[in-house]
Amino acid sequence: MIKLYWSPRSRSFTTLWLMEESGLPYERVLTDISNGAQKAPDFLKINPMGKVPALTDGEAALGEAAAICAYIADRYPETRLAPGVTDPRRARYLQWLFFSPGFIEPAITQIFTKIEIPTSSAAWGSAAQVFDVLEAALQKGPWILGEEFSAADVVIGSGLNYAVRSFKMVPSRPAFDSYLTRCTARPAFQRAEKIAAG
Ligand SMILES: N[C@@H](CCC(=O)N[C@@H](CS)C(=O)NCC(=O)O)C(=O)O
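Residues numbered from 1 in each chain as written. Predicted model: local features only at pLDDT ≥ 70, side-chain atom pairs only at ≥ 80, totals over all residues.

1. Regarding helix α1 (residues 12–22)
For α1, a buried count of 11 out of 11 residues is recorded, marking the element as mostly surrounded by other parts of the structure. Those residues of α1 lying buried are Ser12, Phe13, Thr14, Thr15, Leu16, Trp17, Leu18, Met19, Glu20, Glu21 and Ser22. Packing partners of the buried residues in α1 comprise β1 (2–6), β2 (26–30), β3 (54–57), α3 (65–75), α6 (151–166) and α8 (187–196). Once α1 finishes, Gly23 follows within two positions and takes phi at roughly 75°, a positive value. (Buried ≥ 20, exposed ≤ 12 C-beta atoms within 10 Å, placed from the backbone. Helix = DSSP H or I, 4+ residues; strand = E, 2+ residues; numbered from the N terminus. Contact = placed C-beta atoms within 7 Å.)

Written out as structure tokens, the structure reads:
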């Protein structure tokens, strides 16, 4: 049985949404970060960073929200959450799957901390560039790959929702608004929101 280690009101949301989209049976293991459960020795064996979310599936164990999404989509292709490895759309899928941890998260951190780094040295360029590129990619829609919803939308949609709507760190734009409206209308998103509220 797949076990998802999660905590309310945290980045676990991404993986709750993914698991709800997958339709797979899974067990949620409450790992309350407010009481330090994420630093328990048994949990550190699953995610040595001591952070939620984390997931186990038989002998497989991993942390990192986007990695968990990638794992489930590939391990269970019947969920139809990722283009297959030989599908040409796979290339863009991987790019967008990594876009949230690689670009959105650091851009938000930069906005929050106001840290100044030359764009050529910052791995994410600049926050302005990150959100301009994302806006251009979301113009056509309905999803980041076009017609096909994928795990990349779960990762991008969660990151963008967090930045634009939950924490209002990034000003909204029409393309973000319509994309987030489509994401949040999904029944799986709404079920995950209820669970994540604790
Ligand atoms: N890069 C990680 C970040 C996970 C993360 O930051 N988790 C936070 C909650 S949102 C956490 O577990 N904090 C508790 C702690 O660090 O002790 C991911 O995307 O999974």
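Having seen the model, we can carry on.
2. Remarks on the sheet that holds strand β4 (residues 60–63)
By way of backbone hydrogen bonds, the strands of a sheet pair with one another, either parallel or antiparallel. Strand order in this open sheet of 4 strands is β2-β1-β3-β4, and the pairing throughout is mixed. Each edge of the open sheet carries a strand with a single partner, namely β2 and β4. Strand-to-strand twist of the sheet, defined as the mean angle between neighbouring strand axes without regard to direction, takes the value 15°. The strands that α1 touches are β1, β2 and β3; relative to β1, the one it contacts most, it runs at about 150°. (Pairing = 2+ DSSP bridges. Axes fitted to C-alpha atoms, helices over the stretch in contact; angles between N-to-C directions.)

3. A few points about the pairing of β1
Where a strand is regular, its side chains alternate between the two sheet faces. Within β1, 4 of the 5 residues are buried, which leaves the element mostly enclosed by the surrounding structure. The sheet contact formed by β1 and β2 spans 5 bridges and is parallel. In the sheet register, Tyr5 faces β2, and the bridge partner there is Val29. Tracing the backbone out of β1, into α1 and back to the parallel element β2 gives a crossover that is right-handed. Bridge count between β1 and β3: 4 bridges; the pairing is antiparallel. Bridge pairing links Lys3 to Thr56 in β3. (Right-handed = clockwise from strand over helix to strand, strands pointing away.)

4. So, unusual backbone geometry
Of the consecutive residues Val52 and Pro53, the connecting peptide bond is found in the cis state with omega at 5°. On the secondary structure map, Pro53 appears in the loop between α2 (41–46) and β3. Omega for the peptide link from Gly141 to Pro142 comes to 0°, which places this bond in the cis form. Phi is positive for Arg80, close to 55°, though the residue is something other than glycine. With respect to the helices, strands and loops of the structure, Arg80 is situated in the loop between α3 and α4 (89–113). Judged by C-beta crowding, with 16 C-beta atoms within 10 Å, Arg80 ranks as partly exposed.

5. Brief notes about helix α7 (residues 174–184)
Turning to α7, its buried residues are Phe176, Tyr179 and Cys183. The buried side chains of α7 occupy one side of the element, clustering within an arc of 70° when seen end-on. Looking at α7, the residues exposed on the side facing more than 90 degrees away from the buried face are Pro174 and Thr181. Tucked into the core, α7 has its buried residues touching α5 (127–138), α6 and α8. (Arc of directions from axis to C-beta.)

6. Observations concerning the packing of α4 against α6
Direction vectors running N to C along α4 and α6 enclose 15°, while the axes themselves pass 8 Å from each other. Between α4 and α6, the angle falls in the class roughly parallel. Crossing angle aside, the handedness with which α4 passes α6 is left-handed. Contacts from Tyr93, Trp96, Leu97, Phe99, Ser100, Ile104, Glu105 and Ile108 of α4 reach α6 at Ala151, Ala152, Val155, Ile156, Gly159, Leu160 and Ala163. Taken together, the residues of the contact of α4 with α6 sort by class into 12 nonpolar, 2 polar and 1 charged. (Parallel < 35°, antiparallel > 145°, perpendicular 65-115°, else oblique. Left-handed = near helix turned anticlockwise from the far one by under 90°. Nonpolar A, V, L, I, M, F, W, Y, C, P; charged D, E, K, R; others polar.)

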